[in-house]
Amino acid sequence: MKQARTSFMVIFLIAFLLLPLSERGHAQQGSSMLHHKPKKTERLHDVSSIIMTVGSSRQAAFVSELYMERRELDQAIRQAKHKPTEKADFYPDIYITHLTPARAQYRLERSGQLWNEAQAVSLELPPKLAKQLTALAEGLRMQHYGKLLTWRQSTDILPNKAIFSVTELESGLTFRVQRRAGSDHADVQPITKEDSRIMKQIYNGKWSWKRKAVLIRADGHWLAASMNGMPHGGDGIPENGFSGHFCIHFLGSSTHKSDHPDPAHQMMVHKAAGLLNPYLDSADPQLLALTFVEALYHKDNEIIQLLTDKLPEEKQAAFIQQMQQWVSIRVQLPSKGKQARLPESSSFGDALSAEIKLPVTIHTVSGQRRNGSYIFQFNRATSQSPWYIQEVIEQS
């Protein structure tokens with residue numbers, strides 16, 4: 001059961017790892033084992049604890065933790081062969097901590113092996129243990145993130161005047177709201193001054209249009225969503241310290257000014273669902289280019305790294321360092337009030353390369369404003385393969 005607290009912990013020791021594969025698969029799909037705190041078990045003093053942590057970013061205060069104490073796994077890590085590995089295909093949101101005196105930390109590869117990022121080595125675990133770790137990881141991720149529902153499906157759970165809670169995925173801060181209106185997304189308002197205070201704290205004390213990945217708790221459901229943090233429009237709850245309403249978006253919902261889903265909101269909705277990788281893998285070049293600019297604007301290091309994983313590390317680092325000097329970066333829209341329209345994916349046909357140019361306006365922390373463009377070069381291996389950014393060229 002998720003909790004509105006900074007660190008969400010699941011105490012789940014050896015029992016799950018000892019299940020046969022058939023039972024373990026069932027547990028992963030939603031049995032009570034992953035959703036209720038088990039009874040305390042006797043601590044195994046002769047083995048080191050192993051902690052699996054899921055968090056949406058390295059900086060996230062809101063995490064889910066799985067504590068394990070198992071002699072076989074402990075010994076396998078201690079005795080594992082170390083294979084030099086500069087790069088690995090790992091879960092971007094999972095960390096494994098082995099509580100030896102040195103407190104070693106690893107990334108979990110999708111194969112179930114452990115990668116020591118600092119030392120650039122992989123630990124080769126027995127296949128059985130590797131499969132068990134990936135099963136645990138998928139179960140913990142499913143519990144940590146929200147369910148991805150369309151806007152139409154969400155309205156059945158969040159009818160007008162419904163009261164529900166909003167938890168910001170990075171900080172874990174939670175406040176209550178009421179849906180007051182909205183036909184293409186939910187227009188909501190904080191219930192009390194305290195709810196408004198918590199919401200403003202999420203935005204570091206300043207109201208903002210920036211999107212945040214959030215979890216919606218309503219009627220026993222945890223839903224993946226995205227919110228902005230700017231009071232606007234009508235106000236229906238007096239004395240709540242919030243003049244107007246703000247918007248919450250779900251899969252496929254659109255803004256007031258467009259019939260098309262907002263790229264920034266959709267980016268955050270999929271982040272809240274733990275599905276950023278498949279979302280980006282299915283995106284066409286135009287959407288990837290827009291998402292790249294939005295990730296810069298939102299200063300989201302993890303999304304920038306996902307989008308630019310084919311670029312040299314020094315260029316990735318340059319983008320991340322550069323965006324810290326900006327107040328904002330926005331795509332120059334065709335005309336005032338219009339959203340950038342996205343072409344259909346089919347417009348790229350069977351092409352294996354593409355180029356997208358986006359004009360942008362940048363405001364720096366020093367107060368300067370400059371216009372420029374980003375030219376994106378995209379490639380893919382086959383017409384069915386995901387697009388990826390091969391190069392990004394900045395033009396002044």
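Everything that follows concerns the structure shown earlier in this document.
Residues numbered from 1 in each chain as written. Predicted model: local features only at pLDDT ≥ 70, side-chain atom pairs only at ≥ 80, totals over all residues. Heavy atoms only, no water.

Draft legend 1. Structural context of the sheet that holds strand S11 (residues 186–190). The sheet built from six strands closes into a barrel, its strands ordered S9-S10-S11-S14-S13-S12 with antiparallel pairing. Recorded for the sheet is a direction-independent mean angle of 45° between the axes of neighbouring strands. (Pairing = 2+ DSSP bridges. Helix = DSSP H or I, 4+ residues; strand = E, 2+ residues; numbered from the N terminus. Axes fitted to C-alpha atoms, helices over the stretch in contact; angles between N-to-C directions.)

Draft legend 2. Representation of the pairing of strand S8 (residues 121–124) within the structure. Bridge count for strand S4 (residues 81–84) against S8 is four bridges, and the pairing is antiparallel. The partner of His82 across the bridge, within S8, is Leu123. Following strand S7 (residues 114–116), the chain reverses through four residues before pairing antiparallel with S8; Ala120 in that reversal takes a positive phi of roughly 55°.

Draft legend 3. Representation of the pattern of salt bridges within the structure. Counted by the stated rule, this structure contains 14 salt bridges. Connected via shared salt-bridge partners are Arg58, Arg107 and Glu117. (Salt bridge = Lys/Arg side-chain N within 4 Å of Asp/Glu carboxyl O.)

Draft legend 4. Structural detail: the sheet that holds strand S16 (residues 353–364). Strand order in the open sheet made by the four strands is S15-S16-S17-S18, with antiparallel pairing throughout. On the outer flanks of this sheet lie strand S15 (326–331) and strand S18 (388–395), each paired with one strand and no other. Averaged over all pairs of adjacent strands, the angle between their axes in this sheet comes to 30°, without regard to strand direction. Pairing analysis gives five bridges linking S15 to S16, with the strands arranged antiparallel. Within the sheet, the bridge partner assigned to Arg330 lies in S16 and is Thr361. Lying over the sheet, helix H8 (residues 285–297) contacts S15, S16, strand S17 (369–379) and S18, oriented at roughly 160° with respect to S15. (Contact = heavy atoms within 4.5 Å.)

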